[in-house]
Every structure is written in structure tokens, then in C-alpha cells.
Amino acid sequence: MQLLQKFKLGKSKKSPSKGHANYAYTTARVRAMKSKILPKETYPRLMNMSIDEITRFIGESEYKEDIDELARIHDGVDLIEHALNRNLAVTFTKLLSISEGDVNFLVGEKLKKYDIWNIKTLLRGKYCNASTEEILEAIVAAGRLSYSFLSSLAAKGTYEEVISELANTEYYPILKGYDGTNLSDIENQLDKMYYAGLFGTIRESKSKDRKLFAEFIRMGIDLKNLVTLFRLKKSGIADPEMMNLMIDGGLRLKHRDIEKMMPLSFADFVSELESNPYWDVMADVVRPDMVSLIDIETRLKKHRLKSAASFSHVYPISIVPIMDYMLSKQNEISNLRIIVRGKAANLDDDIIKEQLVI
Amino acid sequence: MVTETLTVMDPAGLKAIGAGLAVGLTGIASALAEKDIGSAAIGAMAENESLFGKGLILTVIPETIVIFGLVVSLLIIQ
């Protein structure tokens, strides 16, 4: 079929697709990788362990290499934190190296999030005169920018040098507007550029796979907007200016619906939500007098994970299982981090459990 | 005087063409089916070597298509 399509399309391809994509190979491999993700029964066991026991436990699992490598530099919570970051970077760059063509392109677009994260970290580091080591500790080289390139940037003296080194990248047009004071503005622009890039890849092609990718991304935007809305409403902000924090292009939560909800008080906002398509997900935890938003945020994250998993069963040979794996991996790492950080801060077990997305 | 030449196709030749098509087309079909399964099996094996046996079996299952084709072609030729 792909051969036929190639003949039909000829050389006038408009999409930025990079040729043949071996979905069968990549999805099978990613599914095998997913089978190594910690099962949910592990978390209650981890809750009963001390930090050293957790280090040992994850040192015997997929994180062995990372723990072994970093154990001579760090220890305790820092060791786990760095091992988790390293593992995430290694896993995601592996996804880039085992995929080709269209899959590689789409995964790369999604991973730009980490490139942007790293550029932000570099700029923030230079802004507050952090040392090279401090900056490198916060870097997660899971995108297309390699660790060695990023560490060479971290070693630069000023932000001007960092930006001039990035002159050949697509981030340069935004970065050159940075004058040392408008950091938050530049960060917002970079984030919006990430989503604009994602939408760019979706719009240009009508293939089924890109549509699935689009749906996946747009659902993520919906949930992100909902969380931002909840936080704004909870702190009593009704300023229409805040609309620029919202990301356009959601799947079921349209921009004009958010505009309508923006001036409402928290209680009105909650009653308005009842007609929202995501109401079923959070109906039993949303109350007008609620104190903490943790329940809602974990519920929305869980919904995203579940829908990604069921989506990946419906379309087994497509981009969705890969995206599902990326989400599950990120979630595993954030759960482990929550447990370890919670234990280090002597938090109550119940509080840690509330934060976990299982 | 007008002469008319009649060409009659040899039934044995037609049978041979049919038999050839039966094996050839089913061979292509098996190949197409095995292509994806094979690459998926290799992908899974790269992560977990113990899947070699299962991967091998799944890869050769579409081979039945070409075996049926072969059987049909043998029946035609007889």
C-alpha cells in the first residue's frame, strides 16, 4: 500500500513526512518496553520502603544502569532523582533512534518539549548566575539537542553566548528577543511555539495517523487548560487577560467556552462545569467548597492515561501506542519522584498516596 | 481461395498458467503478511529475547497461504 501511495503522490509531497515508517517494528518494540513499566501493585510496596530500600529496588529494575553509573557521584534522594532523569532521557532518545520516517518525525515533535525545557533551564540558570554543575543537574536531554551540546551551552558565561550558539535552531527567532529581563515572556513564547509546531505537523497531512496524533495532543490541551482554569478560579482570578495562559485548539473544550467560564466565581464555575464533557471524569471529587485541587489534577491525569491506553488498543499499529508509552513512562517517573521526595520530606503516607497517579 | 487458420489454445498450457498464478499470487500475499509480522517480531525480540520462539511461529503462520496455493496448483496440474 505504501508503495502504491508513493506512486500516487509522486514527488509533490506537502507533508514534512520523512519517508517510510515501519510502524509494526516500532510499536511492537515499544509495547515490549511498556511491559517493563512498574505495575501498579509496586507502588504500595514502595510506600513501605525506606529511601535506601527504594534505591536498591529500582537499582534491580530498568534503572540499574543509571543507578550504577550515578552512584559514585550522588547518594540518597539525589541519586534517585538523577537516575530517573537520566533514564527518561535515555528512553526517549532511544525512541528516536529506533523509529524512522513519519514515526520519528512525530516523536521528535513531541520531544521538542524537552528541548524547550532545557533551553529554559539554561536561560534561567544564566539569569540567576547558577554554576555549570547546577544547570547540568536540571537538564533532561530527552529531545533532539544532545547532552554534550547542552553541557557545552551550560559552560558558556552569559546568556548572549548561549543564544548565539543556538542561532541555527528553530528557537532562535524567539530567543533573539531576550534582553535579560523578559524571561517569562520568552518562556511563554517558547511554549506556544511548541504547540504551534505540533499543530503545524497535524494540519499539513490528512493521514489517519496524523489525525490520531492530533486527537491525542488536543485532548492533552483540554486537560491542561482545565487544570489552569481550576487553579485560576481557586485563587479567585477572573481577569480576561488570563486568556493568554490558555492554549488554543482543544478537542472538546473550546476556546469560547473557556472565555465564558473565565469571569465566573469558583462556585459558579463548578456548576457550569456540569455541562462539560469531562464532568464524568471528576464529578465525584469536585465540590464548590473543596480546599485542595490535587484530587482533580490526579483524576484528570489518570483519565488521560486511561484514554491513551484504550486508544492504543483500538489503533494498535499507529502512533498512539508510542504516545501511550511516553505518557506511562513520564507518569512512572513522576510517581517514583513523588514517593521519594515525599519520604525525604517526612510527609504522611496518605498525603503521598493522594499525589500518586496509579 | 481464402484460407482460415484457427488457433486453439492448448488446455495443458492454460492449466500451467493457472497453476503458476496460484503459487505466484499466494506467494506475494504471504510475503506481504509476513513483512509486518516479521518486523514486529524482530522489534519485540530486540527488547526481550525470550520472545524468539513465539515470534518465529507467528511469522510463519501466513506461510499457510502459499501452501494452499501450492496444493491448488498441484491439483490443477494433475
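Rules used throughout
Residues numbered from 1 in each chain as written. Chains lettered and ligands numbered in written order. Predicted model: local features only at pLDDT ≥ 70, side-chain atom pairs only at ≥ 80, totals over all residues. Heavy atoms only, no water. Patch = residues over 30% accessible without salt bridge, like charges linked within 9 Å, V, L, I, M, F, W, Y side chains within 5 Å. Areas by Shrake-Rupley, 256 points an atom, 1.4 Å probe, with all protein chains shown as cover. Salt bridge = Lys/Arg side-chain N within 4 Å of Asp/Glu carboxyl O. Lys, Arg positive; Asp, Glu negative; His and termini not counted. Charge placed at Lys NZ, Arg CZ, Asp CG, Glu CD. Helix = DSSP H or I, 4+ residues; strand = E, 2+ residues; numbered from the N terminus. Buried < 20%, exposed > 50% of the residue type's maximum accessible area, 1.4 Å probe, protein only. Contact = heavy atoms within 4.5 Å. Buried area = accessible area lost by both parts, 1.4 Å probe. Polar contact = N/O pair within 3.5 Å; in protein donor to acceptor, adjacent residues only side chain to side chain. Nonpolar A, V, L, I, M, F, W, Y, C, P; charged D, E, K, R; others polar.

The next subject is a negative patch on the surface. Residues and elements named next belong to chain A. Side chains of Asp 295, Asp 348, Asp 349, Asp 350 and Glu 354 sit close together on the surface and give a patch of like negative charge. Ranked by residue count, the leading element in the negative patch is helix H19 (residues 349–355), at three residues. Its location among the elements puts Glu 354 in helix H19.

The next subject is the environment of Tyr63(A). All names here are of chain A. Within the secondary structure, Tyr 63 is located in the loop between helix H4 (51–59) and helix H5 (64–70). The class for Tyr 63 is buried, based on a relative accessible area of 1%. A sequence separation of 24 residues divides Tyr 63 from Asn 87, and the C-alpha atoms of the two residues are 6.6 Å apart. Residues within four places of Tyr 63 in sequence aside, it is in contact with Ile 58, Ala 83, Leu 84, Asn 87, Lys 329, Glu 332, Ile 333 and Leu 336.

This part covers the interface of chain A and chain B. Taken together, the nine residues of chain A in the interface contact eight residues of chain B. Buried surface at the junction of chain A and chain B, both sides included, amounts to about 730 Å², of which 59% is carbon and sulfur. For chain A, the biggest contributors to the area lost against chain B are Ala24(A), Tyr25(A) and Arg29(A); these three give 46% of the whole. At the junction of chain A with chain B, the criterion picks out three salt bridges. The shortest N-O distance in the salt bridge between Glu47(B) and Lys36(A) comes to 3.4 Å. Applying the counting criterion to the chain A and chain B interface returns four residue pairs in polar contact (both at pLDDT 80 or more). Broken down by element, the residue count for the side of chain A that touches chain B peaks at six residues, all from helix H2 (residues 23–34) of chain A. Classifying every residue of the side of chain A that touches chain B by side-chain character gives five nonpolar, one polar and three charged.

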